[in-house]
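Notes for the structure review
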Amino acid sequence: MKIAMIGQKGVPGIFGGVERHVEQLSLILTERGHDVTVYTRPYYTPAKRTRFHKVRLVSLPSLRTKHFDAISHTFLATLHAVRQDSDIIHYHGVGPALLAFLPRLFRHRAKVIVTFHCIDRKHQKWGSIARFFLWLGERAAVFFPHETIVVSKTLRAYCRQNFRRNVTYIPNGVPLESTRTLNADAIRKKFGLIANQYILAVSRLIPHKGIHHLIKAYQQLATEKPLVIVGDSFYTDAYVKDLKKLAGSDPRIIFTGFQKGKTLKELFSNAYLFVLPSESEGLPITLLEAASFGKCVLASNIPENIEVIRSGKQVIGYTFKNRDTDDLRRMLEQLMHHQKTIQSKGQLAKTVVRKRFNWIAIVLDVERVYSSTY
């Protein structure tokens, strides 16, 4: 099948859960013989890059502003895709889904799929007008395409309750690459960190990711283990400035900025504990990644995080009350002194997550969606 991916910023996935999702999905689909085109934005993937392994890349411009970046790029990508004899046009995200009606009007042979990754309007960075259009995007995501995929059971229930529509649940996954513990000397030299002696958070630094809650809770701890915050602004420079002001002169709090590739893997694999204090999520890939490295995870008790942590009958991590700094501090304090429990829970997490959220099985499910609608 000839498949077009629209809505992501690009591949490989440097940052952003949608981008990492599209990367893995596209790579495996091409290995299985499909012709996959991923539309990219020049600030994310260099415009001169036309291939990522066997995946075809098409770079198109966008209006690079907070409100028009995604929708302007989606419009141009859609116009291009409908002229390419695509069999499947696959939109990612509720914002891009607003334009999913276009191929149904102008490319009748193509089947349109939307993956509903997250309830984006809940994110604090959006104002009232943007939230209204994202609310419309949710409706577009379930009514415009031939079939809608959701990445969490929570989103499936949300769609059934609010739109009376049956959607297909196919979760996010973890990369197929090895997640063994990597070079501890590298993080010591680069960041002054000792393996298994720091708390890790990996996130875009945007308000709904809740890093401010984590900093406030951590500052109340009597621990020598540093808090390492990996990530950077995404149209949220003022928030990042506030975070660094909140951290103040505490030498234990380390902002590494944006990291990727081997350095990011080293930070994951050598952490003592991974914390995700998000106020809202889709199905958090960073949580899956941390677990796949054999790390014990502590996350806010939003349904999407619980879906990962209470994986079937097995509990692979810990939770705290969402937005409750005192409860987060209490849980951090409790976990600082139970290294053997932390290690055993991390190994269980690695086994369960890599089995349940395996990308090969996920791609087979996506293929079935394509075939059932084609």
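Residues numbered from 1 in each chain as written. Predicted model: local features only at pLDDT ≥ 70, side-chain atom pairs only at ≥ 80, totals over all residues. Heavy atoms only, no water.

**Notes on the overall build of the chain**
Inclusion rule: Comment: elements are numbered from the N terminus, with helices defined as DSSP H or I runs of at least four residues and strands as E runs of at least two. Put simply, the radius of gyration uses C-alpha atoms, and a globule should come to 2.2 Å times the residue count raised to 0.38. The cut-offs for exposure are 20% and 50% of the maximum accessible area for each residue type, with area from a 1.4 Å probe on protein chains only; residues under the lower value are buried, those over the upper are exposed, and the others partly exposed. Whether two residues are in contact is decided by their heavy atoms, any of which lying within 4.5 Å being enough. Residues counted as positive are Lys and Arg, residues counted as negative are Asp and Glu, and His and the chain ends are not counted. To locate a charge, take atom NZ for lysine, CZ for arginine, CG for aspartate or CD for glutamate.
Counting its regular elements, the chain contains 14 helices and 16 strands. Its C-alpha radius of gyration of 20 Å places the chain within 12% of the 21 Å reference for a compact globule of 374 residues. Of all 374 residues assigned to the chain, the portion counted as buried reaches 58%. Put simply, 70% of the contacts in the chain that link residues at least 6 apart link residues at least 24 apart. In the chain, which carries 56 positive and 29 negative side-chain charges, the distance between the mean positions of the two groups comes to 2 Å.

**What to know about the environment of Y318**
Tracing the backbone through its elements, the reader meets Y318 in strand β16 (residues 317-320). C-alpha separation for the pair Y318 and S300, spaced 18 residues apart in sequence, amounts to 8.6 Å. Excluding residues that lie within four positions of it along the chain, Y318 makes contacts with C296, V297, L298, A299, I309, M331, L335, T341 and K345.

**Some words on the packing of helix α4 (residues 128-143) against helix α5 (residues 153-163)**
Applicable threshold: Geometry is summarised by axes, namely lines fitted to C-alpha atoms with helices restricted to the contacting stretch, and by angles between N-to-C directions that run from 0 to 180 degrees. In what follows, roughly perpendicular refers to angles from 65 to 115 degrees, roughly parallel to angles under 35, roughly antiparallel to angles over 145, and oblique to any angle outside these ranges.
Following both chains from N to C, one finds α4 and α5 inclined at 95°, their axes separated by 11 Å at the closest point. By the angle between their directions, the pair α4 and α5 is classed as roughly perpendicular. The segment α4 lies against α5, with E138, R139, V142 and F143 engaging Y158, C159 and F163.

**A closer look at the sheet that holds strand β3 (residues 51-52)**
Short version of the rule: Pairing between strands is defined by DSSP: at least two bridges between the two strands are required.
Read across the open sheet, the eight strands follow the order β3-β4-β2-β1-β5-β6-β7-β8; overall the sheet is mixed. Of all the strands in the sheet, just β3 and β8 (168-169) have a single pairing partner and so form its edges. Two elements, strand β1 (residues 2-6) and strand β2 (residues 35-40), share four bridges in a ladder whose sense is parallel. Across the sheet, the residue bridging to K2 is D35, located in β2.

**A closer look at helix α13 (residues 339-356)**
For an α-helix, the turn length of 3.6 residues means that residues three or four places apart are oriented alike. Short version of the rule: In this analysis, the expected span of each helix is defined as 1.5 Å times one less than the number of residues it contains. Our arc is simply the arc of the directions from the helix axis toward the C-beta atoms.
With 18 residues, α13 extends 26 Å between its outermost C-alpha atoms, agreeing within 8% with the 26 Å of an ideal straight helix rising 1.5 Å per residue. Taken as a whole, α13 has its buried residues at I342, K345, G346, A349, V352 and V353. Along the axis of α13, the buried positions cluster into a sector of 140°, meaning they face one direction only. For α13, the exposed residues set more than 90 degrees away from the buried face come down to K340, T351 and K355. Residues of α13 that are buried in the fold lie against β12 (273-276), α10 (285-292), β14 (310-311), β15 (314-315), β16 and α12 (325-335).

**So, the pairing of strand β7 (residues 147-150)**
Where strand β6 (residues 111-116) and β7 come together, four bridges link them in parallel fashion. From the neighbouring strand, V114 faces β7, where its bridge partner is T148. With two bridges connecting them, β7 and β8 associate as parallel partners. Paired with I149 across the two strands is T168, which belongs to β8.

**A word on the environment of H212**
Condition: Here a polar contact is taken to be a pair of N or O atoms separated by no more than 3.5 Å, where protein atoms must pair a possible hydrogen donor with a possible acceptor and residues adjacent in sequence count only if both atoms sit in side chains.
One can find H212 in helix α7 (residues 211-218). The spatial distance from the C-alpha of H212 to the C-alpha of F68 is 27 Å, given a sequence separation of 144 residues. Excluding anything up to four places from it in sequence, H212 contacts P207, Y239, L243, L246 and E279. A distance of 3.3 Å separates the side chain of H212 from the side chain of H213, its partner in a polar contact.

**Thoughts on unusual backbone geometry**
Omega for the peptide link from V11 to P12 comes to 0°, which places this bond in the cis form. A positive phi angle, near 60°, is found at Y235, a position not held by glycine. By relative accessible area, which is 33% here, Y235 ends up partly exposed. Phi angles above zero are rare outside glycine, and R323 is one such case at about 65°. With respect to the secondary-structure elements, R323 resides in the loop between β16 and α12.

**A closer look at the sheet that holds strand β13 (residues 297-300)**
Strand pairing in a sheet is mediated by backbone hydrogen bonds. Such pairs are either parallel or antiparallel. On the basis of which strands lie adjacent, the open sheet formed by six strands has the order β11-β10-β9-β12-β13-β16 and parallel pairing. Of all strands in the sheet, those with a lone pairing partner are β11 (253-257) and β16, marking the two edges. The average undirected angle you get between the axes of adjacent strands in this sheet is 25°. Inspection of the sheet shows strand β9 (residues 199-202) paired to β12 by two bridges, in the parallel sense. Looking at the pairing, L200 lines up with F274 of β12. Lying on the sheet, α7 is in contact with β9, β10 (227-230), β11 and β12; it crosses β10 at an angle near 165°.

**Looking at the nonpolar core**
Spelled out, the test is: Among the buried residues, those of types Ala, Val, Leu, Ile, Met, Phe, Trp, Tyr and Cys that are joined through side-chain atoms within 4.5 Å form a nonpolar core.
Among the nonpolar cores identified, the biggest contains 62 residues, and F116, L200, L267 and F274 are the most heavily contacted of them. A per-element tally of this core places α4 first, with five residues. Beyond its immediate sequence surroundings of up to four residues, L267 is in contact with I187, F191, L193, Y198, L200, V228, V230 and Q259.

**Some details on the pattern of salt bridges**
Side-chain pairing between opposite charges can occur once the charged atoms of the two side chains come close. Quick reminder of the rule: Whenever a carboxyl oxygen of Asp or Glu lies within 4 Å of a side-chain nitrogen of Lys or Arg, that contact is scored as a salt bridge.
In this structure the tally under the stated criterion is 13 salt bridges. Between R188 and D185 there is a salt bridge whose closest N-O contact spans 3.6 Å. Of this pair, R188 and D185 both sit in helix α6 (residues 184-191), separated by three residues, roughly a single helical turn. The class of D185 is partly exposed, set by a relative accessible area of 41%.

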